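Observations on chain architecture
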Amino acid sequence: MTVTLADVAARAQVSPATVSRVLNGNYPVAASTRERVLRAVDELDYVLNGPASSLAAATSDLVGILVNDIADPFFGIMASAIQSEIGGPGGRAGGERLAVVCNTGGSPERELTYLTLLQRQRAAAVVLTGGAMENAPHAAAVAAKLRRLSEAGTRVVLCGRPPAPDTGAIALTFDNRGGGRELTEHLIALGHRRLGYIAGPEERTTTRHRLEGHRAALAAHGLDDDGKRTVHGRYDRRSGYEATLELLRREPALTAVVAANDSVALGACAALRDAGLRIPEDVSVAGFDDLPFSVDTVPSLTTVRLPLAEAGARAGRIAMGREEPPPGGIATIRGELMVRGSTGGPRR
């Protein structure tokens, strides 16, 4: 049964006019009243009709692209590639679509809010990029939002994100476990036995999958997974710097540092230099993603290349209906080990 404005008003114990004012944002409303109305909207999953121009159609010309941090090249590259594929037949204004990049900042609440707003606007497509949050209630809430979007005719594509079963979403997922294992096996093959690992935030699926790959490589070669050799932090340079100093404090004899991504690896390199250590003569460093700056660092960074632009473009074409979804709605995209100057055999 469709939820109406009157249902929201009754739940919030206000008039329908007050609900309208809160949702339209065109009239001052007391903060406590506004909070009651928005809570009722969420509880009833009320969907406000979008612009009048979209009312006659199942969907609008809007395409939402959700990213964790648009300033991070990992997300910027994918978002740009997705947007490049959004134009073409289907829109009512010369075949174009309006791409809206929604920057969640890693906030679960913002992610849900953006999905609700895109549903209200009857988005033609929604693409979610990057890893998902490791939280069961949040995952269930996201799955419910994706299911409703799909049922309303919105194409939903996950790019670089694990599949969301029974939601109608197409998933192009990165093989983070495989890439993490291959990277650590490369270092083990060079002779390293004392490896430090800088992981990303503990609540992200990308973090867990890459760390599982690292640990699988250690186990396959009979090496101990010593907990003191793993430090969690953000996916940024500063985190890499601080985590590397902590790893050196815990075990000064480390011969290699594996970083959660290339930005973290940059911070690791800076910390090692400030500690008077050479790369790779004293400590090898490896990253993940192969972001554009990785080949220009000194020495150039050994990493796992993920085809971010290609994956983003494919997600955009699927979202626009210009490419068939993969069999079963899921495609796994493998990374490629890029061996460069930042790794070598242990010498200390």
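Basis of the calculations
- Residues numbered from 1 in each chain as written.
- Predicted model: local features only at pLDDT ≥ 70, side-chain atom pairs only at ≥ 80, totals over all residues.
- Heavy atoms only, no water.
- pLDDT = per-residue confidence, 0-100.
- Contact = heavy atoms within 4.5 Å.
- 1 Å grid on protein atoms, 1.4 Å probe; cavity = no way out; pocket = protein on both sides within 12 Å on 5 of 7 lines; lining within 4 Å.
- Points joined across faces, edges and corners; volume = space filled by probe spheres on them.
- Domains from an automatic or database assignment.
- Helix = DSSP H or I, 4+ residues; strand = E, 2+ residues; numbered from the N terminus.
- Nonpolar A, V, L, I, M, F, W, Y, C, P; charged D, E, K, R; others polar.
- Pairing = 2+ DSSP bridges.
- Axes fitted to C-alpha atoms, helices over the stretch in contact; angles between N-to-C directions.

Points about the confidence of the model for the chain
Overall, the prediction assigns the chain a mean pLDDT of 91, with 93% of residues at 70 or greater. The low-confidence segment residues 50-58, where pLDDT is below 50, has 14 contacts with residues more than four positions distant or belonging to other chains. Here residues 89-94 is a poorly scored stretch, pLDDT under 50, and it has 13 contacts once near neighbours within four places are set aside; other chains count.

A word on the layout of surface pockets
In this structure, the largest pocket spans a volume of roughly 520 Å³. Together, 21 residues line the largest pocket, and L38, D42, T113, T116 and R120 are the ones closest to its centre. Viewed by domain, the lining of the largest pocket spans two of them, domain 1 (5-48) and domain 2 (57-174 + 308-333), each represented by three or more residues. Its volume calculated, the second largest pocket comes out at about 380 Å³. As for the second largest pocket, its lining consists of 18 residues, of which N68, D72, F75, P201 and Y235 are closest to the centre. Residue assignment for the lining of the second largest pocket shows that the elements contributing at least two residues are α4 (73-84) and α8 (205-220). When grouped by side-chain class, the residues that make up the lining of the second largest pocket number four nonpolar, six polar and eight charged. Residue-level mapping places the lining of the second largest pocket at the junction of two domains, with at least three residues from each of domain 2 (57-174 + 308-333) and domain 3 (176-305).

With respect to the sheet that holds strand β8 (residues 256-259)
Spatially, the four strands line up as an open sheet ordered β7-β6-β8-β9, and their pairing is parallel. Both edges of this open sheet fall to β7 (230-232) and β9 (284-286), since each of them pairs with a single strand only. Averaged over all neighbouring strand pairs, the angle between strand axes comes to 15°, with direction disregarded. By the bridge criterion, three bridges tie β8 to β9 in an arrangement that is parallel. If you follow A256 over to β9, its bridge partner there is S284. Of the strands in this sheet, β6 (195-199), β8 and β9 are in contact with helix α7 (residues 176-189), which crosses β8 at around 170°. Against the sheet, helix α10 (residues 262-274) makes contact with β6, β8 and β9, and its axis sits at roughly 165° relative to β9, the strand it touches most.

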